[in-house]
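The residues making up each chain are set out below.
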Amino acid sequence: MAVGGTKVNPKKFETSQIPLYVYLLPLAVLMGAPIVYIICHAFKPMDELFAFPPKFFVSHPSLINFQNLMQQAAASTVPFSRYVFNSLVVTAAVLVLAILISTMAAFALSKMRFRLKNIMMEINNLALMFVATAVVIPRYLTISTIGILDTWLAHILPLIAMPVCLFLIKQFMDQVPDSLLEAAQLEGAGSFTIYLKIILPMVKPAIATGCILTFQQVWNNTETSNLFTSTESIRTLAFYMNTLSGVGTVQGQGMAAAAALIMFVPNLVLFIISQSSVMNTMAHSGLK
Amino acid sequence: MATKKKQQNMQEIAIAPKKPSKREKNPHDKKRLTKRRVREWLYGYLFLSPWIIGVIIFFVCSMVTSLNYSVHKIIFDNGVQLQPLEFWYKNYVDVFTLETDLPTTLGTFTISLVLQLPIIISFSLIIAMLLNSKIRCRSLFRMIFFLPVIIATGPVMTMLTAQGVATVPMMSDGSLTVLLGGLPAFIAEPITELFNSLILILWNSGIQILIFLSGLQKVSTTMYEAAKIDGANGWESFWKITLPILKPIILLNSVYTVVALATGGTNEIIELIYSATYLTPWTKGYSYGMAFSWIYTAIIAVILIVVFLLLKEKSDKKVKYEKRLVTLR
């Protein structure tokens, strides 16, 4: 073990760190502002919510917004827990499927040689660029033709193809050295073994980033509930929260603030879980 | 003399047929269908198949339909009915004639993209490098810098901007307007907008920071140590080690940023397309909106191609050439 200052992760505060804090702390305050705001806003009572000039911090925190939200939820025909359950199931399914499909496709596109490979990549890039507003009606027609309108699958299937995810993971896989795969091949590893044992661990940071991106899109998605379903009991939490803020009453504003906090918390949890896997990849870097 | 020449000829002839036989054995030769290549194809398609199915059903079908719609007149009457136009590209011509705001909006967008892209990329690179260094509460800082991006997409952001949290106080008091007074409006406007939304830009660069961070994880610390022993300071090792290694990540990040800015919900051109498609059904309508979005996609493609050309690795060709030489030998 090295002595004192050369430790990789210092336990104690060191003077060499001061310049870093000088840069980081003001920026962190700036960047942390919306997080603080969203938390404060949810606990503001009515008079503070509409105070002019608007206040950033809450001075008399209360749970009134959450109580209103619960009352509203209890009054509606579908229980609140149903929306939560729907959202959880849909998000989990999309997350697993999207990551599986993107990593498999990225592995093939990055490390294998076959015909039409470049054309496939171009199609993905086109999908990346295309304006989502334009494909709303064709997508609706496709979904009604397959016959999954107003089912669970209508939430899941349109979202599992994530062009951004594939692009991101493919770009990271390109940097995995070919010689590592060749070495594995010489040892007798098949394509699936290489995919599971080498490729996946090595692109873990990209996968974690892809997870966060996908989660964010699916969790906050109101489009599929809006367009592809008509039964209230299979719609998602994001949709329900959106209808609350659209109420337009004075209470609706407060409830929307509370709802925003509720929608935000799972993002926080997922980020905390996945960020450790983004950061701890140096140990697996393989070739020297 | 003559015999020597003959000998040389003989040697050449002796060598000549050897070359193609060597090439035949080369597994990278594209024309030969060896067993191994077929196997590799099969595995390639096997891994791709779920993606291909998804793309065909949800993307290619939708694209073809929208392309078809864009060259027809659509009537929503008991389902979708298509009527032929006077000439097939009428909608495309209409976009250029009816959309009088398009050139200025597009110009403003392009200029603000050119201004914002370097800011976002360099800011997120700096933050990523700071967050990658050894400090306490690293994960807390990482969280603070990433999380705004989640909120930035939601309705909370509109509340925040309405309350003026997102503007730099100094900028709004008119000092900037004085500074930019001499410039023509189409340049001054994006710059003032840039300063007004500076904090917003920073809030939105969470994903880029995350991508850079995961790229930085790959840079082995031994390389920096070696450079330090050879007498390089931090500045030099940034330019000679960090930047070259991060170059593909910079390209990836730039593409992501361009796409996010161009197709994000707050983009003015997207709003134009939306209002043309859904809010003015009698003059413009759905097929017009389709044509508009195809034109816009083409514009984004051009921007992305420029980004690619600017940032692609220049040694790429050389490396490929050397690789081929190695396999031929």
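Residues numbered from 1 in each chain as written. Chains lettered and ligands numbered in written order. Predicted model: local features only at pLDDT ≥ 70, side-chain atom pairs only at ≥ 80, totals over all residues. Heavy atoms only, no water.

Trainee: What exactly am I supposed to notice about unusual backbone geometry here?
Mentor: Leaving glycine out, the prevailing phi sign among residues is negative, and the prevailing peptide bond configuration is trans. You will see that A:Asp150, though not glycine, has its phi angle at about 65°, which is positive. If you trace the backbone, A:Asp150 turns up in the loop between α6 (136–146) and α7 (152–160). (Helix = DSSP H or I, 4+ residues; strand = E, 2+ residues; numbered from the N terminus.)

Trainee: Looking at this structure, I do not really get a nonpolar patch on the surface. What am I missing?
Mentor: All names here are of chain B. A cluster of nonpolar side chains, Phe 87, Trp 88, Tyr 89 and Val 93, forms an exposed patch at the surface whose accessible area comes to about 420 Å². Mapped onto the fold, Val 93 is located in helix α4 (residues 90–98). The class of Val 93 is partly exposed, set by a relative accessible area of 35%. (Patch = residues over 30% accessible without salt bridge, like charges linked within 9 Å, V, L, I, M, F, W, Y side chains within 5 Å. Areas by Shrake-Rupley, 256 points an atom, 1.4 Å probe, with all protein chains shown as cover. Salt bridge = Lys/Arg side-chain N within 4 Å of Asp/Glu carboxyl O. Buried < 20%, exposed > 50% of the residue type's maximum accessible area, 1.4 Å probe, protein only.)

Trainee: Got a minute to help me understand the confidence of the model for chain A in this structure?
Mentor: Residues shown with low pLDDT carry predicted positions that ought not to be read at fine detail. Residues and elements named next belong to chain A. Across chain A, pLDDT averages 78, with 85% of residues at or above 70. Put simply, helix α2 (residues 46–49) is where chain A has its lowest mean pLDDT, 74, and helix α4 (residues 80–111) is where it has its highest, 90. Across residues 1–10, where pLDDT falls below 50, the model places nine contacts with residues more than four positions away in sequence or in other chains. Taken together, the stretch residues 281–288 has pLDDT below 50 and engages in 13 contacts with residues farther than four places along the chain or on a different chain. (pLDDT = per-residue confidence, 0-100. Contact = heavy atoms within 4.5 Å.)

Trainee: What's the story with the interface of chain A and chain B in this structure? I'm lost.
Mentor: Interfaces are often described in size by the accessible area the parts lose on coming together. Taken together, the contacts link 90 residues of chain A with 89 residues of chain B. Buried area between chain A and chain B, summed over both chains or domains, comes out near 8,500 Å², and the portion from carbon and sulfur atoms is 76%. If you sort the residues of chain A by the area they bury against chain B, A:Met31, A:Arg113 and A:Met129 come out on top, with a joint share of 9%. Scanning the region where chain A abuts chain B turns up zero salt bridges. Counting the contacts that link chain A with chain B gives zero residue pairs in polar contact (both at pLDDT 80 or more). (Buried area = accessible area lost by both parts, 1.4 Å probe. Polar contact = N/O pair within 3.5 Å; in protein donor to acceptor, adjacent residues only side chain to side chain.)

Trainee: Help me out: how do you make sense of the packing of aromatic side chains in this one?
Mentor: Geometry of an aromatic ring pair is reported as the spacing of the ring centres plus the angle between the planes. Residue and element names in this part refer to chain A. One pass over the structure, following the stated rule, counts 17 aromatic pairs over all chains. Considering the side-chain rings of Tyr 83 and Tyr 240, the 4.5 Å spacing of their centres and the 15° angle between planes classify their relative orientation as stacked. One end of the pair, Tyr 83, is in helix α4; the other, Tyr 240, is in helix α13 (residues 237–245), with 157 residues separating them in the sequence. For the pair Tyr 83 and Tyr 240, one class covers both residues: buried. (Phe/Tyr/Trp six-rings, centres within 6.5 Å; stacked < 30°, edge-to-face > 60°.)

Trainee: What exactly am I supposed to notice about the environment of B:Leu106 here?
Mentor: Residue and element names in this part refer to chain B. Mapped onto the secondary structure, Leu 106 falls in helix α5 (residues 102–132). The exposure class assigned to Leu 106 is buried, which follows from its relative accessible area of 18%. On a C-alpha basis, the gap between Leu 106 and Arg 37 in space is 47 Å, while along the polypeptide they are 69 residues apart. Among residues more than four places away in sequence, those in contact with Leu 106 are Ile 269 and Ile 299.

Trainee: Looking at this model, I keep getting lost on the pattern of salt bridges. Mind explaining?
Mentor: Between side chains of opposite charge, a pair can form as their charged atoms come close. Per the counting criterion, the structure on display carries four salt bridges over all chains. A salt bridge links A:Arg235 to A:Glu232; the shortest N-O distance between them is 3.3 Å. The buried category is assigned to A:Arg235, whose relative accessible area is 12%. Residue B:Asp94 is joined to B:Lys90 by a salt bridge in which the shortest nitrogen-to-oxygen separation is 3.0 Å. In this pair, B:Asp94 and B:Lys90 both sit in helix α4, four residues apart, roughly one turn of the helix. The exposure class of B:Asp94 is buried, given its relative accessible area of 19%.

Trainee: Any chance you could explain the domain arrangement of chain B here in plain terms?
Mentor: Residue and element names in this part refer to chain B. If you check the domain split of chain B, you get domain 1 (105–263) and domain 2 (267–329). When domain 1 packs against domain 2, close to 1,400 Å² is buried across both sides, 79% of that on carbon and sulfur atoms. Where domain 1 packs against domain 2, one counts zero salt bridges. Applying the counting rule to domain 1 against domain 2 returns one residue pair in polar contact (both at pLDDT 80 or more). Looking at which element gives the most residues to the side of domain 1 that touches domain 2, the answer is helix α14 (residues 234–263), with 11 residues. (Domains from an automatic or database assignment.)

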